[in-house]
Amino acid sequence: MSKPVFITSDSTCDLTPELLERFNVKTAPLHVLLGEDTYLDGVNFTQEMIFERYAKDKTLPRTAAVSPQEFTDFFTPLVEAGYEVIFLSISSGLSGTYQNAVIAAQDLPGIYPIDTHKLTTGVGEMVLAACKMRDEGMDASSIAKAMEEMIPRVNVSFVIDTLEYMWKGGRCTGVAAFGANLLNLKPCIEMRDGKLEVCKKYRGNIEKVYHKYITERLSAQPVDPNYIFITTSNQPSPELAQQLENTVRAAVPDVKEVLFTRTGCTVTSHCGPGTLGVLFLEK
């Protein structure tokens, strides 16, 4: 008889506390280094702290992976409680988190670390899909295999209001950032092979761009209607949130839930305020 399964991830999956509780998911927090201060992502760190510090002295945070020992401490109580554990990690191309989880898993039975090759609620999409499989009674080995097969179907992208943060973080040149601002360009970046790359450039008012971007992304291929995430670096106003949800539902009329979340440190520190992503599974 197979053991019960516990679904876990790291804090960069960017699921809200309400969603983590609803789906019974546990996350391991990455470390956030902001100036001389150290925080735990999703525990005592907020997006507003990034914006406030950057406005003050142009300092951007850095992240540090969960250590092997921290993973051992994270997994051990679950193993001792009789669970096998699925761990869905941020892309190994962006963090050492996955490698450290693998190190910890070598000394514990029934741990399945998976490199999602994604970030933020792209990982979150996989977490929710794994929870559905868990609730249907699938064993850990079968869920792990299904997660590996799902990776190509996870669609992760964002549209960016300003390139200032990417320039400051060394992700683009000052000339590119200046030119984009001058021409009112809004780049769209997506996850390709586990890394972030520019895929398109929009132009114009950012709120109008949001709607065009969402419609284009959701109309380009058949979409799994279970969960579609709108993930933003700023909290949208209730009016804008409703408009964005209406745009999603117009593109995918049979969508079951539109879930709003905030980007964590990784995306926010690279992309800055005004960033918005629509993240979903392709059929």
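Please refer to the structure higher up on the page.
What you are looking at is a predicted structure, and each value in this text was computed from that prediction instead of being measured. (Residues numbered from 1 in each chain as written. Predicted model: local features only at pLDDT ≥ 70, side-chain atom pairs only at ≥ 80, totals over all residues. Heavy atoms only, no water.)

Undergrad: Looking at this structure, how should I read the sheet that holds strand β5 (residues 62-64)?
TA: Two strands in a sheet stick together by hydrogen bonds in their backbones, pointing the same way (parallel) or opposite ways (antiparallel). Strand order in the open sheet formed by 3 strands is β4-β3-β5, and the pairing between neighbours is antiparallel. Either end of the sheet is taken by a strand with one partner, and the two such strands are β4 (37-40) and β5. When strand polarity is set aside, the average angle formed by the axes of neighbouring strands in this sheet is 30 degrees. Of the strand pairs in this sheet, strand β3 (residues 31-34) and β5 are connected by 3 bridges, and their pairing is antiparallel. Residue pairing across strands places His31 opposite Ala64, the latter belonging to β5. (Pairing = 2+ DSSP bridges. Helix = DSSP H or I, 4+ residues; strand = E, 2+ residues; numbered from the N terminus. Axes fitted to C-alpha atoms, helices over the stretch in contact; angles between N-to-C directions.)

Undergrad: How should helix α2 (residues 47-57) be read in this particular structure?
TA: Along an α-helix, residues three or four positions apart point the same way, because every turn accommodates 3.6 residues. All of the buried residues along α2 are Gln47, Ile50, Phe51 and Tyr54. Along α2, the residues classed as buried sweep out an arc of 95 degrees about the axis, all on the same side. In this structure, α2 carries Glu52 and Lys56 as exposed residues pointing more than 90 degrees from its buried face. Immediately downstream of α2, the backbone of Lys58 shows phi near 60 degrees, a positive value. (Buried < 20%, exposed > 50% of the residue type's maximum accessible area, 1.4 Å probe, protein only. Arc of directions from axis to C-beta.)

Undergrad: Sorry if this is basic, but what is going on with the pairing of strand β13 (residues 257-262) here?
TA: Within a regular strand, the side chains alternate between the two sheet faces. Alignment of strand β12 (residues 227-232) against β13, held across 6 bridges, turns out to be parallel. Residue pairing for β13: Tyr227 is matched across the bridge by Glu257. Regarding the hand of the β-α-β motif, the stretch spanning β12, helix α10 (residues 238-251) and β13 is right-handed. (Right-handed = clockwise from strand over helix to strand, strands pointing away.)

Undergrad: Sorry, what's going on with the packing of aromatic side chains here?
TA: Each pair of aromatic rings is reported with the distance of its centres and the angle of its planes. Summed over the entire model, instances satisfying the criterion amount to 8 aromatic pairs. Residues Phe71 and Phe87 carry aromatic rings whose centres are separated by 5.0 Å and whose planes lie at 75 degrees to one another, so their mutual orientation is edge-to-face. Taken as a pair, Phe71 in helix α3 (residues 68-80) and Phe87 in strand β6 (residues 84-89) lie far apart in primary sequence, 16 residues in all. The burial state of Phe71 is the same as that of Phe87; both residues are buried. Among the aromatic residues, those joined into a ring-pair cluster are Phe71, Phe74, Phe75 and Phe87. (Phe/Tyr/Trp six-rings, centres within 6.5 Å; stacked < 30°, edge-to-face > 60°.)

Undergrad: How do you make sense of the pairing of strand β10 (residues 185-192) when you look at a structure like this?
TA: For β10, the tally of buried residues reaches 7 of 8 residues, placing the bulk of the element in the interior. In this sheet, β10 lies alongside strand β9 (residues 157-159) in antiparallel orientation, the contact comprising 3 bridges. Bridging across to β10, Val159 finds its partner in Cys188. Of the pairings in the sheet, the one linking β10 to strand β11 (residues 195-203) comprises 8 bridges and is antiparallel in character. Each bridged residue has a counterpart across the sheet, and for Cys188 the counterpart in β11 is Lys200. What sits between β10 and β11 in their antiparallel hairpin is a turn of 2 residues, with Asp193 showing a positive phi close to 55 degrees.

Undergrad: Quick question: what am I supposed to make of the packing of helix α9 (residues 206-219) against α10 here?
TA: Two packed helices can be described by the angle between their axes and the distance between those axes. Where α9 meets α10, the closest approach of the two axes is 9 Å, and the angle between their N-to-C directions is 25 degrees. In terms of orientation, α9 lies roughly parallel with respect to α10. By crossing handedness, the relation of α9 to α10 is classed as right-handed. Packed against α9, whose contacting residues are Glu207, Tyr210, His211, Ile214, Thr215, Leu218 and Ser219, the element α10 presents Leu240, Gln243, Leu244, Thr247, Val248 and Ala251 at the interface. (Parallel < 35°, antiparallel > 145°, perpendicular 65-115°, else oblique. Left-handed = near helix turned anticlockwise from the far one by under 90°. Contact = heavy atoms within 4.5 Å.)

Undergrad: How should the sheet that holds strand β2 (residues 26-28) be read in this particular structure?
TA: The strand order across the open sheet formed by 4 strands is β2-β1-β6-β7, and the pairing between neighbours is parallel. Since the sheet does not close on itself, it has two edges, and those belong to β2 and β7 (111-115), each with one partner. Neighbouring strand axes in the sheet, compared pairwise and without regard to direction, differ in orientation by 25 degrees on average. Here strand β1 (residues 5-10) runs beside β6; their pairing, made up of 5 bridges, is parallel. Bridging across to β6, Ile7 finds its partner in Ile86. Across the sheet, helix α5 (residues 121-135) touches β1 and β6, and the angle it forms with β1 is around 175 degrees. Sheet strands touched by helix α6 (residues 140-150): β1, β6 and β7. Its angle to β7, the strand with the most contacts, is close to 5 degrees.

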